[in-house]
Amino acid sequence: MAWNTNLTLLLVAALSAAGAEITVNGRRTSVMEGKAAQLAIDLAGGSIVDFHLTGGVNPFRWESPGGPTEPRPMGHFLCLDRWGAPSDAEKNNGMWFHGEAPRVTWSVQTDAAARNGMIVTEMSAVLPMAGIEAKRHIRMAASGGWFMVREAVTNRNKLGRVYNMVQHPTIGPPFLDESTLVDSNARQGFMQSSPMPNPEHPSVVWPQALKDGQPVNLRHLTNDPLPNVVSYVIDEEYGWTTAASLSQQLLLGYVWKRDDYPWFNAWRHVENGKPRARGLEFGTTGLHQPYPVLAKKGRIFGRPLFAYLDAGETQTRSYGCFLAKIPKDYKGVERIVVTSGQVVIHERGGEPGREITIRIATDSR
């Protein structure tokens, strides 16, 4: 596909001042155009496939295998109604890995339009097997490098049910290379490769993990992806994760409420000895297993492994995403301070004058 090489040029050529719906390689795409940044959502799966500063690189250059026009996970996609594999019985009935949300077509309810310094659009999807409806409201700054997403999930079944909802931002080259630094305020964690029924033993603390009993620093990815998936809890009011690409002099970051998403999950993938993908995932679960396993386990580190949605109930969760330019000698992010109306990013080492301040609405409810 030509997503990775042609999308930015197509957006620049096709967009109005606020946004439009265009077709890229037969795929319907909702786009939002600001003065400082552009955002694109592929409607065949609802994935955010492009977010870049004007003239800059797109971090989300990754896609799962599949037909050229079929719905499938790409870039930043939503895992719903599950994270990971279905049970064998569910798989036999046609349920997808990571649920139906990235495997169905999303519909635009409100075309992108400028409103009070923001560019706003709304879209939705129906998950027929799960009996769930998802509605997404996106606001992007008209003159800044950030956007906010609010997603409402409604149970259309006549009975209540358990479910999970995990955001799956996936970065790829050229933004991702051996110099890219990933940071987070995640804390206690465990390797998904550890055996059940107690994978949390031994536990680790971000950014550390273990491979064959030896420590691995997950800030870095070179030629070895193991451990492949490691999950951590968020202890602070706001969770955050960042990826700093030194080669591209660009920082990508996410901020969310811990009450919405109490888990941070780090996925790493290598091809031909080179970093190919990193998942900066945050969600309602930290155990990558089918529901029978989650129900039996219940909690890890005192945190639930699934959510419950009653019949007809709607639950809403939000997150923010930003891009910022950084110098080549940037050391990564030590902490992010979220206050009313702004996010302040502090560099590791605390060198004065290197803080990045982004004026952003922290909650789009």
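My aim in this report is to walk through the structure given alongside it, one point at a time.

What counts, and at which threshold
- Residues numbered from 1 in each chain as written.
- Predicted model: local features only at pLDDT ≥ 70, side-chain atom pairs only at ≥ 80, totals over all residues.
- Heavy atoms only, no water.
- Helix = DSSP H or I, 4+ residues; strand = E, 2+ residues; numbered from the N terminus.
- Rg over C-alpha atoms; globule rule 2.2 N^0.38 Å.
- Buried < 20%, exposed > 50% of the residue type's maximum accessible area, 1.4 Å probe, protein only.
- Pairing = 2+ DSSP bridges.
- Axes fitted to C-alpha atoms, helices over the stretch in contact; angles between N-to-C directions.
- Phe/Tyr/Trp six-rings, centres within 6.5 Å; stacked < 30°, edge-to-face > 60°.
- Salt bridge = Lys/Arg side-chain N within 4 Å of Asp/Glu carboxyl O.
- 1 Å grid on protein atoms, 1.4 Å probe; cavity = no way out; pocket = protein on both sides within 12 Å on 5 of 7 lines; lining within 4 Å.
- Points joined across faces, edges and corners; volume = space filled by probe spheres on them.
- Nonpolar A, V, L, I, M, F, W, Y, C, P; charged D, E, K, R; others polar.
- Core = buried A, V, L, I, M, F, W, Y, C linked by side-chain atoms within 4.5 Å.
- Contact = heavy atoms within 4.5 Å.

As for the overall build of the protein
Each helix and strand counted, the protein has three helices and 28 strands in total. For 365 residues, the compact-globule estimate of 2.2 N^0.38 gives 21 Å, and the protein sits close to it at 19 Å. When the backbone C-alpha atoms are referred to their principal axes, the protein occupies close to 55 × 50 × 45 Å. The buried share among the 365 residues of the protein stands at 58%.

Some thoughts on the sheet that holds strand β28 (residues 356–359)
Within the open sheet, the three strands sit side by side as β26-β27-β28. Their pairing is antiparallel. What marks the edges here is a single partner per strand, and that holds for β26 (333–339) and β28. Strand-to-strand twist across the sheet, computed as the mean angle between neighbouring axes with direction ignored, equals 15°. Bridge count between β26 and strand β27 (residues 342–347): six bridges; the pairing is antiparallel. Bridging from a neighbouring strand, Val 338 pairs with Val 343 of β27.

A look at the packing of aromatic side chains
The geometry of two aromatic rings is summed up by the distance between their centres and the angle between their planes. Counting across every chain of the model gives 12 aromatic pairs. Ring centres of Phe 190 and Phe 301 lie 6.2 Å apart, and the angle between their planes is 65°; on these two criteria the pair is classed as edge-to-face. Here the residue Phe 190 occupies a position in strand β13 (residues 186–191), and Phe 301 occupies one in the loop between β22 (299–300) and β23 (303–304), the gap between them amounting to 111 residues. Ring centres of Trp 206 and Tyr 232 lie 5.3 Å apart, and the angle between their planes is 90°; on these two criteria the pair is classed as edge-to-face.

Re unusual backbone geometry
Along the chain, Met 196 connects to Pro 197 via a cis peptide bond; the corresponding omega equals 15°. When you line up the elements, Pro 197 lands in the loop between β13 and β14 (204–205). The omega angle of the peptide bond from His 201 to Pro 202 is 5°, so this bond is cis rather than trans. Topologically, Pro 202 is positioned in the loop between β13 and β14. The phi torsion at Asn 116 lies on the positive side, around 50°, for a residue other than glycine. Among the secondary structure elements, Asn 116 is positioned in the loop between β6 (107–115) and β7 (118–127).

Let's talk about the pattern of salt bridges
Overall, the coordinates contain 19 salt bridges when judged by the stated rule. Where Arg 156 meets Glu 133, a salt bridge forms, and the shortest distance between an N and an O atom there is 2.7 Å. One end of the pair, Arg 156, is in the loop between β9 (146–155) and β10 (161–168); the other, Glu 133, is in strand β8 (residues 132–141), and 23 residues separate them in sequence. Residue Arg 156 is classed as exposed on the basis of its relative accessible area, which comes to 53%. Judged by relative accessible area, Glu 133 falls into the buried class, the value being 16%. The partner of Lys 274 in a salt bridge is Glu 178, and the shortest N-O contact between them spans 3.2 Å.

As for the sheet that holds strand β3 (residues 37–42)
The four strands lie next to each other as β1-β2-β3-β4, forming an open sheet whose pairing is antiparallel. Of all the strands in the sheet, just β1 (19–24) and β4 (47–53) have a single pairing partner and so form its edges. When the angles between neighbouring strand axes are averaged without regard to direction, this sheet yields 20°. Where strand β2 (residues 27–33) meets β3, five bridges bridge the pair, whose relative direction is antiparallel. Looking at β3, one finds that Met 32 is bridged to Leu 39.

Describing the layout of surface pockets
The computed volume of the largest pocket comes to approximately 250 Å³. Around the largest pocket sit 15 residues that line it, and Phe 77, Phe 97, His 98, His 168 and His 288 are the ones nearest its centre. Considering only residue class, the lining of the largest pocket consists of eight nonpolar, five polar and two charged. Considering only enclosed or pocket space, the second largest pocket measures out at about 200 Å³ in volume.

Some thoughts on the nonpolar core
Leu 80 and Phe 147 are the most contacted members of the largest nonpolar core, which totals 69 residues. Sequence-distant contacts of Leu 80, defined by excluding residues within four places in its chain, comprise His 98, Gly 99, Glu 100, Ala 101, Leu 127, Ile 132, Ala 134, Val 153, Tyr 163, Asn 164 and Met 165. Counting 24 residues, the second largest nonpolar core, distinct from the first, contains Val 120, Trp 146, Met 148 and Trp 240.

Overview of the pairing of β27
Counting buried positions along β27 yields five of six residues, so the element is predominantly enclosed. Between β26 and β27, which pair antiparallel and follow one another directly, the connecting turn spans two residues, one of which, Gly 341, has a positive phi of 90°. In terms of strand pairing, β27 meets β28 through four bridges, oriented antiparallel. Following the sheet pairing, Ile 345 is matched in β28 by Ile 356.

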